[in-house]
Amino acid sequence: MNTKSTREAAMLAITEAARRDDKIVIISPDAVAAARATRFREEFPDRVIEVGIAEQDAVDIAAGLATTGMKPIVVSYAGFLTMRACEMIRTFIAYPGLNVKLIGLNGGMLGGEREGVTHQFYEDVGILRSMPGVKILTPADAQQAYEAAKAMMALEGPAYLRLGSGREPEVFPEGTPYAFGKIREVKRYGDDVAIFASGFIMNRAIEALEQLHAEGVDGTLIDVSTVKPLDSQGVAEVLRRTDCAVAVEDHNIYGGMSSAICEAACHYHPCKVRRLGLMDIYPRSGKAAALLDAYGLAVRDIVDAAKDAMAKE
Amino acid sequence: MTVDELSRIANRLRLDVVETVHAAGDGHPGPCMSIADIMSVLFFDEMKLDPQNPRWNERDRFVLSKGHACPILYAALARKGYFPLEELKGLRSLDSFLQGHPDMNKIPGVDTVSGSLGNGVAIGLGMAQGCKMQGIENYVYVIVGDGEEEEGIIWEAAMAAAKMKAGNLIVFADLNNHQSGGKVTELSSLYPVQDKWEAFHWHVQSIDGHDVAAIKEAIAQAKKLTDRPSLIACKTLKGKNIPYMEDNNAWHKRVPTEEEVELAREALKDKM
C-alpha cells in the first residue's frame, strides 16, 4: 500500500470498496478535499453528493439514502459531524440501525492541533459511544486506517471511523494484523502493567513501553483499535495478568476508550487503572507534539502513570 | 377515486384519530386534522404502494416530517391494510408496535423515523436521490408543518434539493399557523413562507389544503417538473371538521372525552 496519510489510506479502502459495490456513495458537507476524496470523485463523479457546509443535512440525506438500500458514507470533521449533527446521527441513523458510515476528521487534540479548540475534537468517541448500535473504530496509523476503513465497509449498520490530521506517524510494521472488534497485543515485555492505547497517540505509548522497560518495568502494550464494541473479554484477560493498567487516548478522559476500559475492569477484574487523556479542560492552539506534551500526554507522563498504577495505595 | 370519495376517506381518518387518541389516552389530534385531506389523496389515490410488501423498493415514499401527527398516518396505514384497525387503540402503549412517533422498523408501511421536527425534507431528499440513483421511477412525498419550518435544517435541505434537481421530491407544507406554543405568526417571522421556498429555487404552488381536487391537480403539476423540487403550500385549518378542535390550539395535544368523541361522530356522520 502506497499512501501518504491516514486520510488518504482510509479513502483508498473506501474507493476499493466502491469499485466492487455501486451502492456506495459519499455525502460531503464541503469535505471532499479534507477527506482526500478528490480522486474518488474523479472516478465516481455521480457518487459524491456535495451538500455544502451543512452537516445536519448531510447526515439526514444519508439516512434517506440508506432507507432505499444505498450505502452512504458521510465525511466531515469529527466534531461538526458528531456534535452539530449529533441528534441526526442518533435519531435517524443509530435508532433505525441504518447502514450509514461516518468518517470524522481531526479526531483528538492532535488532529486539530494549530486550529485550536473549534477544530480539535475530543468528545466524538464519548458522544457516539453513548448511542446504542454505533460501532467505533480508532486506527493508530495509515496502514491501520486502511484496514479499519476496509473492515468498516464490510460491517452492516452504523459505524464511525475516527481519523486525525492526516499527518500521523507510521507506527506499525507493514503486514501488522488487524481485526475489527479485537484488542491486539503490540508488545509484551511482561505483566507488571498494561498500557491500553488507541488512535494516533500510539507512537508515544510504544515509546513509553520501551522507556518503562529501560527503567526496569516490564509491561504489555495493547492496541484498542475498536472502542465499541469493546473486546471486554480480551481486556479482562490482560487485566487478570497485570492487575493494573494505564489507558492512553487523545480524547477527553470522560466517555472515550479509557472510560470503556474502566467499565470492563469494573465488571471483570476491578483493579487500578490510571487514565491519560485530556483532563476535562479545553486546550490551546499549538504544534501537535508540543500540545500533547503540554497537556499531560508526554511519554514521561505515560511512564509515570504506569508506575503510579503499579504502586500499592 | 373521486373527489367526494377522497373527502369522505379524509373524514373517516379524522374520526379514526379522535377514537384512537381517546382509546389510547394520549396523542396529538389537532395536527392530524389539518393534513387529513392530503393524507387521503396520497394514500388512497396517488401513491404507488403495496401493503402486502411494505418494503417493495419501487414504491413511492412518504415522510411525515411533523411526526406527532402520526395517529392519522397509522389510521391511513391500517385502512390501507398494512395492519388491522383494532391495533390503533394500542397507540403509545408498551405492548403495541405503534410508537409515539413513527418508527420505520416497528410499523409496517412507515418509511423513516420522524418526529424530531425539521428533518423530513432532508430525509426525503436522501430517499429521492437514492431512488434516482437506482433507476427507480417514483416520487417521495413529505408533509412538513409550518412551525417546523423554523428549523434551520429545513433550509439546508431546501438549498440542497434545488442543487440536486430533485424533481421526484414533492413537499406539502401544512400551513395551519399553529405550533405547540402558539401561533406561528406570533412565535416567528416565517411568513410569508412561499416566497422563501421560491427564493430557494423550488417550484411553489399555493392551494387550499382541504380542497381535494386542488391537491390532486397540484400533484399533477408538480410531476411535470423533472429537474426541480416542488412545494405545495397548503392553507389549512388545525382541527379541521371537528367543531370543537377547529383553530383551537388546546387540541395540539389533548385527549377527547367520550362525549367529545360522540360530538365528533355526530359532526362527521354524513361526511364519511
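Here the structure is shown first, and the text comes after it.
Residues numbered from 1 in each chain as written. Chains lettered and ligands numbered in written order. Predicted model: local features only at pLDDT ≥ 70, side-chain atom pairs only at ≥ 80, totals over all residues. Heavy atoms only, no water.

(A) Spatial organisation of the nonpolar core. Counting 142 residues, the largest nonpolar core has F196 of chain A together with F172 and W202 of chain B as its most contacted members. Residue contributions to this core reach at least three from each of two domains, namely domain 1 (3-169) and domain 2 (184-310) of chain A. Apart from the residues lying within four places of it in its own chain, the contact partners of F196 of chain A are I222, V224, V235, V238, L239, A245, V246, A247, V248, M257 and I261 of chain A. Core analysis: the second largest hydrophobic core is formed by 69 residues, A35, Y122, A288 and L292 of chain A among them. (Core = buried A, V, L, I, M, F, W, Y, C linked by side-chain atoms within 4.5 Å. Buried < 20%, exposed > 50% of the residue type's maximum accessible area, 1.4 Å probe, protein only. Domains from an automatic or database assignment. Contact = heavy atoms within 4.5 Å.)

(B) Expanded view of the packing of aromatic side chains. All names here are of chain B. Summed over the entire model, instances satisfying the criterion amount to 10 aromatic pairs over all chains. A centroid spacing of 5.1 Å and a plane angle of 75° characterise the contact between F43 and F62, whose relative ring orientation is edge-to-face. Pair noted here: F43 is in helix α3 (residues 36-46) and F62 is in strand β1 (residues 61-64), with a separation of 19 residues, a long-range link. Exposure class is identical for F43 and F62. Each is buried. Look at W155 and F200: their rings are 5.2 Å apart centre to centre, the planes differ by 40°, and that puts the pair in the tilted class. With W155 in helix α6 (residues 152-163) and F200 in the loop between α8 (193-199) and β6 (203-208), the pair connects residues that are 45 residues apart, well separated along the chain. W155 gets classed as buried once you look at its relative accessible area, which sits at 15%. Taking the relative accessible area as the measure of exposure, F200 reaches 23% and is therefore partly exposed. Through a chain of ring-to-ring contacts, the aromatic side chains of W155, W197, F200 and W202 assemble into a single cluster. Between K80 and the ring centre of F44, over which it is positioned, the NZ or CZ distance is 5.6 Å. (Phe/Tyr/Trp six-rings, centres within 6.5 Å; stacked < 30°, edge-to-face > 60°. Helix = DSSP H or I, 4+ residues; strand = E, 2+ residues; numbered from the N terminus. Lys NZ or Arg CZ within 6 Å of the ring centre and 35° of its normal.)

(C) A look at α3 of chain B. Most of α3 of chain B sits out of view: 10 of its 11 residues are buried. Of all the positions in α3 of chain B, only A36, D37, I38, M39, S40, V41, L42, F43, F44 and E46 of chain B are classed as buried.

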